[in-house]
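Report on the structure
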Amino acid sequence: MFMKTHKTASSTILNILFRFGEKHHLKFAFPNGRNDFFYPSPFLCSQVKDYRPGDCFNIVCNHMRFDHHEVAKLLPPDAVYITILRDPVALFESAFDYYHRLVPLTWRIDGENKLAEFLNNPQSFYRSAAFNSFYLKNLLFFDFGLDNDLEADDPRVMSDIQNLSKHFHLVLFAEYFDESLVLLKDTLCWTTEDILYFKINARRSSSVSHLTPELRAKALQWNGADWRLYQHFNASFWARVEAYGRDRMKQEVKELRRRNSEMQDICIEDGGAVEARKIQDRHFQPWQPLGESSILGYNMKKNVDPKFRTICEKMLTPEIQYLSDLGVSLWLTRLWGWLKDAVFTV
Ligand SMILES: Nc1ncnc2c1ncn2[C@@H]1O[C@H](COP(=O)(O)OS(=O)(=O)O)[C@@H](OP(=O)(O)O)[C@H]1O
């Protein structure tokens, strides 16, 4: 079970899981008609495509609002539960940039720097019951099915975190992505080959807001429950690295980076990610947020060695196209994508 949290490098993990599942003919529990399990509604096993009570799956990995009891119905009792976190300030900044047009509360924020305006006075732009407002506060807590309106010092925050830690065997971190993958490989007895990746779903640098220390402090306070969650699992992560062996970790990370860079030379035109308008093959065109084209993608080398063509293609394929390749119907996602691009894109 991979709990795909929002704006945490989870699409890069998803690509790794898709490739592993496909290679070993594993059975995915997929959504039906769209790329998520009716997010933000809480997860129900009936949302799984062709689900019948008693069915058992190998991998669950699409966006959902987590509910352990429901997820457990799909999996064997010894299933490994994994998720990924990111520094709540970076996550908040990324989510605000990506989703703010979908949150009516933010439409009346004036000025060039909407993020700063919001953080300087969040209460005046936020109501917990408002449409899509969960994107604006403690999004990790929300994704885990918890109350994202709790203040950091509410005792329920720590008890929720303790409870979550009983369910998850491994918590990865976007900030220590390569170390996280080495722990993933160790937990699942995988090989380095299995964890090779290209960064998926990154924004162009001009879309990233750099927060002043004051605004960073405000963002941390505003997302206080997520900050506690992050700190709790961060401590367990480093204890885990210690147990794995610092030197051993260093060697493994070095090897992973060497292999990734080798794959980059083999697969990617111009050495790295490019703006969407420069992507020639629609198959590699990433999904864009409402109203702009800020997400980068890749061009595959034209003269790629035939023995690497398939692996390059798969490593470069964004989530939506990969789901389609795996046979998932995406008619609702595509309808929304068409509306988004035809009607709303400026
Ligand atoms: N390998 C790796 N290491 C560190 N960070 C990474 C990595 N891969 C993706 N990213 C960053 O993760 C952000 C996208 O997250 P998600 O894929 O989870 O987004 S989504 O919720 O599925 O839309 C997005 O962050 P922002 O660019 O700040 O928006 C990506 O740049």
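The following paragraphs examine the structure supplied in this document.

Rules used throughout
Residues numbered from 1 in each chain as written. Predicted model: local features only at pLDDT ≥ 70, side-chain atom pairs only at ≥ 80, totals over all residues. Heavy atoms only, no water. Buried < 20%, exposed > 50% of the residue type's maximum accessible area, 1.4 Å probe, protein only. Helix = DSSP H or I, 4+ residues; strand = E, 2+ residues; numbered from the N terminus. Pairing = 2+ DSSP bridges. Expected span 1.5 Å × (residues − 1). Contact = heavy atoms within 4.5 Å. Axes fitted to C-alpha atoms, helices over the stretch in contact; angles between N-to-C directions. Parallel < 35°, antiparallel > 145°, perpendicular 65-115°, else oblique. Nonpolar A, V, L, I, M, F, W, Y, C, P; charged D, E, K, R; others polar. Disulfide = S-S within 2.5 Å.

**Overview of the pairing of strand β4 (residues 82-85)**
Neither face of β4 is exposed, since Ile-82 and Ile-84 on one face and Thr-83 and Leu-85 on the opposite face are all buried. Sheet topology note: the strand β1 (residues 2-3)/β4 ladder contains 2 bridges and is parallel. Among the inter-strand pairings, Met-3 is bridged to a residue of β4, identified as Thr-83. Direction of pairing for β4 relative to strand β5 (residues 170-173): parallel, over a ladder of 4 bridges. Along β5, the bridge assignment pairs Ile-82 with Leu-170.

**Quick notes on helix α1 (residues 10-23)**
Counting along an α-helix, one turn takes 3.6 residues, and residues three or four places apart therefore face a common direction. Here α1 spans 20 Å end to end across 14 residues, near enough to the 20 Å set by a 1.5 Å rise per residue. Directly beyond the C-terminal end of α1, a positive phi value near 55° is found at His-25.

**Things to note about the sheet that holds β4**
Strands sit in the order β1-β4-β5 across an open sheet of 3 strands; the sheet is parallel. In this open sheet, the two edge strands, each paired with only one partner strand, are β1 and β5. Contacting β4 and β5, helix α9 (residues 224-244) runs over the sheet at an angle of about 100° to β5.

**Topic: the packing of α1 against helix α11 (residues 306-316)**
Close contact between α1 and α11 brings their axes to 9 Å; oriented N to C, the two are set at 140°. One finds that α1 runs oblique with respect to α11. Touching Asn-15, Arg-19 and Glu-22 of α1 are Ile-311, Lys-314 and Met-315, all from α11. Counted by class, the contact of α1 with α11 contains 2 nonpolar, 1 polar and 3 charged residues.

**Some thoughts on the state of the cysteines**
Applying the stated criterion to the full structure yields 1 disulfide. Residue pairing for Cys-267: its cysteine sulfur links by disulfide to Cys-312, the two sulfurs lying 2.0 Å apart. Between Cys-267 and Cys-312, the S-S dihedral sits near -70°, and the bridge is therefore left-handed. Placement of the pair is Cys-267 in helix α10 (residues 246-267) and Cys-312 in helix α11, with a sequence separation of 45 residues. For Cys-312, a relative accessible area of 0% translates into the label buried. No disulfide involves Cys-189; its sulfur sits 19 Å from the nearest other cysteine sulfur, which is in Cys-56. Of the residues examined, Cys-189 reaches a relative accessible area of 70% and is grouped as exposed.

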